[in-house]
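# Examining the three-dimensional arrangement
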Amino acid sequence: SLPAKLINGGIAGLIGVTCVFPIDLAKTRLQNQQNGQRMYTSMSDCLIKTIRSEGYFGMYRGAAVNLTLVTPEKAIKLAANDFFRHHLSKDGKKLTLLREMLAGCGAGTCQVIVTTPMEMLKIQLQDAGRIAAQKKLMAAQAQLSSSSAAGAAEPVVEARPTATQITRELLRSKGIAGLYKGLGATLLRDVPFSIVYFPLFANLNKLGQKDPSVKAPFYVSFLSGCVAGSTAAVAVNPCDVIKTRLQSLQRGVNEDTYSGILDCTKKIWQKEGPTAFLKGAYCRALVIAPLFGIAQVVYFIGIAEFLLDMLPKHRA
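Small disclaimer: the values here were computed from a predicted structure and weren't measured. (Residues numbered from 1 in each chain as written. Predicted model: local features only at pLDDT ≥ 70, side-chain atom pairs only at ≥ 80, totals over all residues. Heavy atoms only, no water.)

### Observations regarding the pattern of salt bridges
Under the defined criterion, the tally for this structure stands at 18 salt bridges. Here arginine 189 and aspartate 240 are joined by a salt bridge, their closest N and O atoms 2.8 Å apart. With arginine 189 in helix H6 (residues 183-206) and aspartate 240 in helix H8 (residues 237-247), this residue pair connects regions lying 51 residues apart in the sequence. For arginine 189, a relative accessible area of 4% translates into the label buried. Salt bridges sharing common partners tie together Asp24, Lys27, Glu119, Lys122, Arg189, Asp190, Asp240 and Lys243. (Salt bridge = Lys/Arg side-chain N within 4 Å of Asp/Glu carboxyl O. Helix = DSSP H or I, 4+ residues; strand = E, 2+ residues; numbered from the N terminus. Buried < 20%, exposed > 50% of the residue type's maximum accessible area, 1.4 Å probe, protein only.)

Have a look at this one:
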């Protein structure tokens, strides 16, 4: 049933995000730093420095936004894919690869309704620590180079914005469109991702089914979700880099700003080289693999069906 699909998708998203959010934070910070202003050399370096400067919970900055909105996002994504697969199948026959890809395309298009504002807010909160650390480093360097260091003023510690403050400011200044900054880049990432992910998962999962009418074992669904998720994540990583750059409202010292997808692509290519489009690719693969592995296990086990079935018995 549709309620069961929505609940399953929501539970899957909550569990997955909680497990992998620190890696996602590292991915955002690595993708946003530009040449000449590098704060981090790798994922582990980013996480270590984040813990040292912001504490353990600094790795979960922006997690509240994700945990709040990931339920409708994952629910829409998984339920929409099932919806399109059902309506594209002919009399219950096996879907062709093209129809599977079309179903994935529909799912990716539907999810951006929630994904775009969620990613927009999450990126501001995740990247705030990197920008603050960069400003602190620049202030320290300026003090060291000053001949009158004794009389130098203490650096001002800026209050970091909350998701509510960012949302209010965007709505006040730009209206609802402010929350959908980077919508085109989000579509450019999520639609191809879903086109690759869903058919690949479905076909890998079928390899573990002894009978078409019986579900594959949970570990097959988990491994299929991991392989399909990481493959699709790496394939669309260039689009994710562009999306992350476009959705960042604040920039570090001497970092470029972008007017759109083409301008962003051109500047990254010219100033940072083609390898810049692979920034954070392994982080994204590490995030997506368990996230979708867990999501598919929860979704296919059907926790919601169990909970919904228990309700009448409990009432009785």
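### Topic: H8
Side chains of residues three or four places apart in an α-helix project in the same direction, reflecting 3.6 residues per turn. Counting buried residues in H8 gives ten out of eleven residues, a clear majority hidden from the surface. Every buried residue of H8 is accounted for by Asn237, Cys239, Asp240, Val241, Ile242, Lys243, Thr244, Arg245, Leu246 and Gln247.

### Focus: the nonpolar core
Core analysis: the biggest nonpolar cluster contains 30 residues, and Met43, Phe193, Tyr197, Ile288, Leu291 and Phe292 have the highest contact counts within it. Broken down by secondary-structure element, the contributors of at least two residues to this core are helix H1 (2-32), helix H2 (43-54), helix H3 (63-88), H6, helix H7 (218-235) and helix H10 (281-301). Here the element with the most residues in this core is H1; it accounts for six residues. Contacts of methionine 43, omitting those with residues within four sequence positions, involve Ile23, Ala26, Leu30, Tyr282, Cys283 and Leu286. (Core = buried A, V, L, I, M, F, W, Y, C linked by side-chain atoms within 4.5 Å. Contact = heavy atoms within 4.5 Å.)

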